[in-house]
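# Fold and contact review
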Amino acid sequence: MNTFKKEERLNSKKTIQCLFASGKSFFNYPFKVYYLLSDANSSTSTAILFSVGKRQFKKAVDRNKLKRLCREAYRLNKSALIKKIKEKEKHMDIAVVFVGKSIPEYKEIEQKTKKYLEHLSSIV
RNA sequence: UUGGCUAUUCGCUCUAUCGCUAUUCCGCUUUUGUGGAAGAGAGGAAAGUCGGGACAACGCAGGACGCCAUACUUCCUAACAGGAAGGUAUUUCGUGCAAACGGAAUAACAGCUAGUGCAACAGAAAGUAUUCCGCCUAAGAUUGUUUUCGAACAGUACGGUAAGGGUGAAAUCGUGGAGUAAGAGCCCACGCCUGUUUAUGCGAAUAAACUUGAGGUAAACCUUAUGGGUUGUAAGACCAAAUAUACCGGGAAUUUUUUGCUUCGGCAAGAAUAGAGGCUUGUCCGGCCAAUCCCGGAGGGUAGGUUGCUAGAGCUUCGGAGCGAUUCGUAGCCCAGAUAAAUGAUAGAGGUUCUACUUAGUAGAAAACAGAAUCCCGCUUAUAGAAUAGCCAAAAAU
RNA sequence: UGACCCAUGGUGUAACUGGCAACACGUUUGAUUUUGGUUCAAAAGAGUCCAGGUUCGAGCCCUGGUGGGUCAA
């Protein structure tokens, strides 16, 4: 099922700081992706957060909309990555930062999301 | 009919699939987790944080001052810098010969007759008025001439004069008359304005009579009246986990210490508790502040959860009170509660507006401002488009 | 979420208690020099973030907005 529960989201201050400090990153315009691989220690295999900067988008409406679109795209396309990580018995923290300066269409976001998910699964 | 302004109301709807957030019910397992079902899930401004409350914590009691806010009147409200009704002033439109009346808009609309201050440049003078130009020579002063030695005539300003000129944003009430040497609210009439009294009105005020003649500026200091303690839900309360012992509060018991004498029980003298200093809402008054033991809190560390948290100055219907803001009663309803941040995506149908084709259908396009974070009441700002009412303007028809 | 501050030539700052918006650097032109720099002489460049109001007169006072920044954790 294409669910997206709270456990799959990254919401601890400590782990987020750890991720940005010691995680690796790559660009895939309009996204910048941070990730950190570790051994499996919890029930879930991935935890992700989406971020849109206040500098690019001043209005809260735009930021909310972008985050929702990104989350929707991830929810519908994440199954392949999770499967692969589960086989290897690992855990991955991911942070996706939106770097672009205009709001793209949903289809465009979906394509880019697929790309970076493929990249991540190849790393695993 | 079109356009503008003001006020009020609304600000896309429905269906399917896949999700997210909490709630209720059922099943399985049962600390909890998991599966299914049901109905619910951003706004008129959620924004700005500009007023005002609710709620909470804090101060060692209390008082004075300071500071801040408000400012025509009455009413409404939990309260307000909000609203309603009314008054006054200004602007504007209409009617009218005019006086005036009516409509609309705007107003930080208490007090310079409480005190202090300020007014560049220009100008004589910017505030107890004053003589730069001008005007006058009546009285007094002074110069000259004449002289019947009483004075007369002609000048003058160091005399009189604020009517006129010029300067300025502003020049000591305005217009007309009387008056005078020339002039002046010096006097008179009308007007404006200040105060008092009377009448009407709850009141702001209005009207009449008498009186006064006094420049502007309070979004200058200030005065008067009224109100305000300060800080804010990241306030605060609780649980779990964690635990060296600085510091603080409360209670208990005593005074303590130095030197000298001693019969070792005490006695005598001095010092400390005074002052200074510190703490206490912005200041002052005022208040509190030595050491030992016990109890409690707190610091450090760990950084999670619960609560506060959403049933309320709540919404809707009907009826009453009031010009109105608003309020009273009755019946019904439950309407977001997230926490690195839920309220979304896709597809289809319909409605609205615009454009094109063409003549009532087809095709295409568009849909603003904007996202809860303790909650309410207002204000301000942003806003595609739609509806209703009033006013204004233009055009057309009758 | 709450509290608060600032905005003036291209840049950095002034402007007392409302009265001609000033200074430095930079820019341009000329002189000096074989040329450049230094130095000297001159010139241009703003109407004070925006919109209203008070006032005879606002950079300054008042109101509303815009943009930027600071603090509390």
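Below or above, wherever it landed, is the structure these notes cover. Owing to the predicted nature of the structure, the values given are computational and were not obtained by experimental measurement. (Residues numbered from 1 in each chain as written. Chains lettered and ligands numbered in written order. Predicted model: local features only at pLDDT ≥ 70, side-chain atom pairs only at ≥ 80, totals over all residues. Heavy atoms only, no water.)

## Some words on the overall build of chain A
When helices and strands are tallied, chain A shows four helices and four strands. For chain A, long-range pairs separated by at least 24 residues make up 81% of all intrachain contacts whose partners lie at least 6 apart in sequence. A total accessible area of about 8000 Å² is found for chain A, and carbon and sulfur atoms account for 48% of it. (Helix = DSSP H or I, 4+ residues; strand = E, 2+ residues; numbered from the N terminus. Contact = heavy atoms within 4.5 Å. Areas by Shrake-Rupley, 256 points an atom, 1.4 Å probe, with all protein chains shown as cover.)

## Quick word on the pattern of salt bridges
In a structure, side chains of opposite charge can pair up when their charged atoms sit close to one another. A full pass over the atoms with the stated rule returns one salt bridge. Of the charged contacts, one joins Arg75 and Glu72 as a salt bridge, the two residues approaching to 2.7 Å between their closest N and O atoms. Highlighted residues: Arg75 and Glu72, both in helix H2 (residues 60-77), separated by three residues, approximately one helical turn. Judged by its relative accessible area of 23%, Arg75 falls in the partly exposed class. (Salt bridge = Lys/Arg side-chain N within 4 Å of Asp/Glu carboxyl O. Buried < 20%, exposed > 50% of the residue type's maximum accessible area, 1.4 Å probe, protein only.)

## Regarding a positive patch on the surface
Residues Arg9, Lys65, Lys67, Arg68 and Arg71 make up a contiguous surface patch of positive charge. Structurally, Arg71 can be placed in helix H2. For Arg71, a relative accessible area of 33% puts it in the partly exposed group. (Patch = residues over 30% accessible without salt bridge, like charges linked within 9 Å, V, L, I, M, F, W, Y side chains within 5 Å. Lys, Arg positive; Asp, Glu negative; His and termini not counted. Charge placed at Lys NZ, Arg CZ, Asp CG, Glu CD.)

## Focus on the nonpolar core
Ranked by internal contacts, the top residues of the largest apolar core, which has 25 residues, are Phe31, Phe50, Ile94, Tyr116 and Leu120. At the level of secondary structure, the elements contributing two or more residues to this core comprise strand E2 (31-39), strand E3 (46-52), H2, helix H3 (79-88), strand E4 (90-98) and helix H4 (106-123). Ranked by residue count, the leading element in this core is H2, at five residues. Not counting chain neighbours up to four residues away, the residues in contact with Tyr116 comprise Phe26, Asn28, Phe31, Val33, Phe50, Tyr74 and Val96. By size, the runner-up hydrophobic cluster in this structure holds seven residues, among which are Leu10, Tyr34, Ala47 and Val97. (Core = buried A, V, L, I, M, F, W, Y, C linked by side-chain atoms within 4.5 Å.)

## A look at the packing of H2 against H4
Helix-helix packing is characterised by the crossing angle of the two axes and by the distance between the axes. As a packed pair, H2 and H4 sit with axes 9 Å apart at the nearest point and diverge in direction by 55°. Relative to H4, the element H2 is oriented oblique. The crossing of H2 and H4 is right-handed. Two secondary-structure elements touch here, H2 through Leu66, Leu69, Cys70, Glu72, Ala73, Tyr74, Leu76 and Asn77 and H4 through Tyr106, Ile109, Glu110, Thr113, Lys114, Tyr116 and Leu117. Considering only residue class, the contact of H2 with H4 consists of ten nonpolar, two polar and three charged. (Axes fitted to C-alpha atoms, helices over the stretch in contact; angles between N-to-C directions. Parallel < 35°, antiparallel > 145°, perpendicular 65-115°, else oblique. Left-handed = near helix turned anticlockwise from the far one by under 90°. Nonpolar A, V, L, I, M, F, W, Y, C, P; charged D, E, K, R; others polar.)

## Concerning the packing of aromatic side chains
What describes a pair of aromatic rings is the distance from one ring centre to the other and the angle between the planes of the rings. Taken as a whole and assessed by the stated rule, the structure comprises four aromatic pairs. Ring geometry for Phe31 and Tyr116: centres 5.6 Å apart, planes at 70°, overall edge-to-face. Separated by 85 residues along the polypeptide, Phe31 in strand E2 and Tyr116 in helix H4 bring together distant segments of the chain. Residue classification places Phe31 among the buried positions, given a relative accessible area of 1%. Ring centres 6.0 Å apart and planes at 70° place the aromatic pair Phe50 and Tyr74 in the edge-to-face group. Here Phe50 is found in strand E3, whereas its partner Tyr74 is found in helix H2, with 24 residues between them in sequence. (Phe/Tyr/Trp six-rings, centres within 6.5 Å; stacked < 30°, edge-to-face > 60°.)

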